[in-house]
Amino acid sequence: MDNEFKLDTFQIKQEGRIEAPIKKVFASLTKDFNSWWAYRLCREDSTLSFENEIGGRFIEKGKNSQALWGTITYLHAPYEIRLKGLLGMTGAVTSAYAYTLKEDRGATLLSLSHQASGLLDPNWHSAHEEGWKELIGTFLKNYVEQGKRYNAN
């Protein structure tokens, strides 16, 4: 095992405001991943899908590879989604993340919570914190508000 990994935990909490109705934001989180989720684990052209039910998968499929980003453990449309999954991490790790959405005068307040524990690379906390800021605060926000798409392939 790599000496860089050590038994550790991290928790990330972030909030943002998206100027769009809650149902539009929820649909973007569950149906439109390919339009704004800029990160990919598969090296070739790939697509992301979200099976909108308990036990459903948030999965990436490429020509020769696949990646399970998470499994849905709780779903209360359009207010909350909870998932468990490695989210790009490897090894003996437990990771859970959740999106909570609240309506606010025609806009949506989106809260993200991500916890991970296990044998963690010391860089994963900051990498995931910055990644979430970019995914939610830039890519998702710009997609929902302006229709701006991001192509990771």
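Here, residues in each chain are numbered from 1, in the same order as that chain's written sequence. Where local features are concerned, this predicted model is filtered to residues with pLDDT of at least 70; where side-chain atom pairs are given and counted, the filter is 80 or more; whole-chain, interface and lining totals use all residues. Water and hydrogen atoms were dropped before computing side-chain values, which therefore reflect all heavy atoms in the structure.

In this section: the overall build of the protein. A run of H or I in DSSP becomes a helix once it reaches four residues, and a run of E becomes a strand once it reaches two; helices and strands are each numbered from the N terminus. Assigned secondary structure in the protein consists of three helices and seven strands. Helices and strands appear in the protein in the N-to-C order β-α-α-β-β-β-β-β-β-α. Since a compact globule built from 153 residues should have a radius of gyration of about 15 Å, the 15 Å found for the protein is in line with a globular shape. On the principal axes, the C-alpha backbone points of the protein span a range of 50 × 35 × 25 Å. Think of it in three bands: residues with accessible area under 20% of the maximum for their type are buried, residues over 50% are exposed, and the middle band is partly exposed, with areas taken using a 1.4 Å probe on protein chains only. Taking all 153 residues of the protein together, 42% fall into the buried category. Sequence-distant contacts in the protein: of pairs separated by 6 or more residues, those separated by 24 or more amount to 53%. For the radius of gyration, the atom set is restricted to C-alpha positions; the globular benchmark scales as 2.2 Å times the number of residues to the power 0.38. By definition, residues are in contact when any of their heavy atoms lie within 4.5 Å.

Right, let's talk about the environment of Leu83 for a bit. Structurally, the position occupied by Leu83 is in strand S5 (residues 80–84). Measuring from C-alpha to C-alpha, the distance between Leu83 and Tyr97 comes to 5.4 Å, with 14 residues separating the pair along the chain. Not counting residues up to four positions away in its chain, the partners in contact with Leu83 are Phe50, Phe58, Gly70, Thr71, Ile72, Thr73, Ser95, Ala96, Tyr97 and Tyr99.

This paragraph deals with the pattern of salt bridges. Just to be clear on terms, a salt bridge is a Lys or Arg side-chain nitrogen sitting within 4 Å of an Asp or Glu carboxyl oxygen. Counted under the stated rule, the structure contains seven salt bridges. Arg17 serves as the salt-bridge partner of Asp104, at 2.3 Å between the closest nitrogen and oxygen. Residue Asp104 is located in strand S6 (residues 93–104), and its partner Arg17 is located in strand S1 (residues 6–18); the two are separated by 87 residues in the primary sequence. The exposure class of Asp104 is buried, given its relative accessible area of 18%. Notably, a salt bridge pairs Arg82 with Glu80, separated by 2.7 Å at the nearest N-O pair. Members of the salt-bridge network, linked through shared partners, are Arg17, Glu19, Asp104 and Arg105.

To continue, consider the layout of surface pockets. Here a cavity is any set of points on a 1 Å grid over the protein atoms alone where a 1.4 Å probe fits but cannot get out, and a pocket is any open set with protein on both sides within 12 Å along at least 5 of 7 lines; a residue lines the site when it has an atom within 4 Å of a point. Grid points are joined across faces, edges and corners, and a volume is the space filled by probe spheres set on the points. The calculated volume of the largest pocket comes to roughly 260 Å³. The wall of the largest pocket is formed by 14 residues, among which Tyr39, Trp69, Leu87, Gly88 and His128 lie closest to the centre.

Known as pLDDT, the predictor's per-residue confidence is scaled from 0 to 100. Confidence in the prediction of the protein, expressed as mean pLDDT, is 94, and 96% of residues score 70 or more. Within the protein, the element-level pLDDT minimum falls on helix H2 (residues 33–36), averaging 92, and the maximum on S5, averaging 98.

Summarising the element assignment, Glu4 is placed in the segment before S1. Placed 47 residues apart in sequence, Glu4 and Glu51 show a C-alpha to C-alpha distance of 35 Å. In this structure Glu4 touches Leu120, Asp121 and Pro122, once residues within four positions along its chain are discounted.

Turning our attention to the packing of helix H1 (residues 22–30) against helix H3 (residues 124–146). Orientation is described by lines fitted to C-alpha atoms, with helices fitted over the stretch in contact, and by angles between N-to-C directions that extend from 0 to 180 degrees. Their axes nearest at 10 Å, the elements H1 and H3 cross at an angle of 125°. On the basis of the axis angle, H1 is oblique to H3. Crossing handedness for the pair H1 and H3: right-handed. The residues of H3 that touch H1, namely those facing Lys24, Val25, Ser28 and Leu29, are Leu140, Tyr143 and Val144. Any residue outside Ala, Val, Leu, Ile, Met, Phe, Trp, Tyr, Cys, Pro, Asp, Glu, Lys and Arg is labelled polar, Gly included; the first ten of those are nonpolar and the last four are charged. When the residues that make up the contact of H1 with H3 are grouped by side-chain class, the tally is five nonpolar, one polar and one charged. Roughly parallel here means an angle under 35 degrees, roughly antiparallel means over 145, roughly perpendicular means 65 to 115, and every remaining angle is called oblique. In this scheme the handedness of a crossing depends on how the near helix is turned from the far one: anticlockwise by less than a right angle means left-handed, clockwise means right-handed.

Next up on the list: the side chain of Asp121. For Asp121, the position within the fold is in the loop between strand S7 (107–120) and H3. No salt bridge is formed by the buried Asp121; the nearest opposite charge belongs to Lys6, separated by 9.9 Å. At a separation of 2.7 Å, a polar atom in the side chain of Asp121 contacts the main-chain amide nitrogen of Asn123. Ignoring any residue separated from it by four or fewer positions in sequence, one finds Asp121 in contact with Glu4 and Phe5. For the charge count, each Lys or Arg is scored as positive and each Asp or Glu as negative, with His and the chain ends excluded. Pairs of N or O atoms are called polar contacts if they sit within 3.5 Å, as long as, within protein, a hydrogen donor faces a hydrogen acceptor (for residues adjacent in sequence, only side-chain-to-side-chain pairs).

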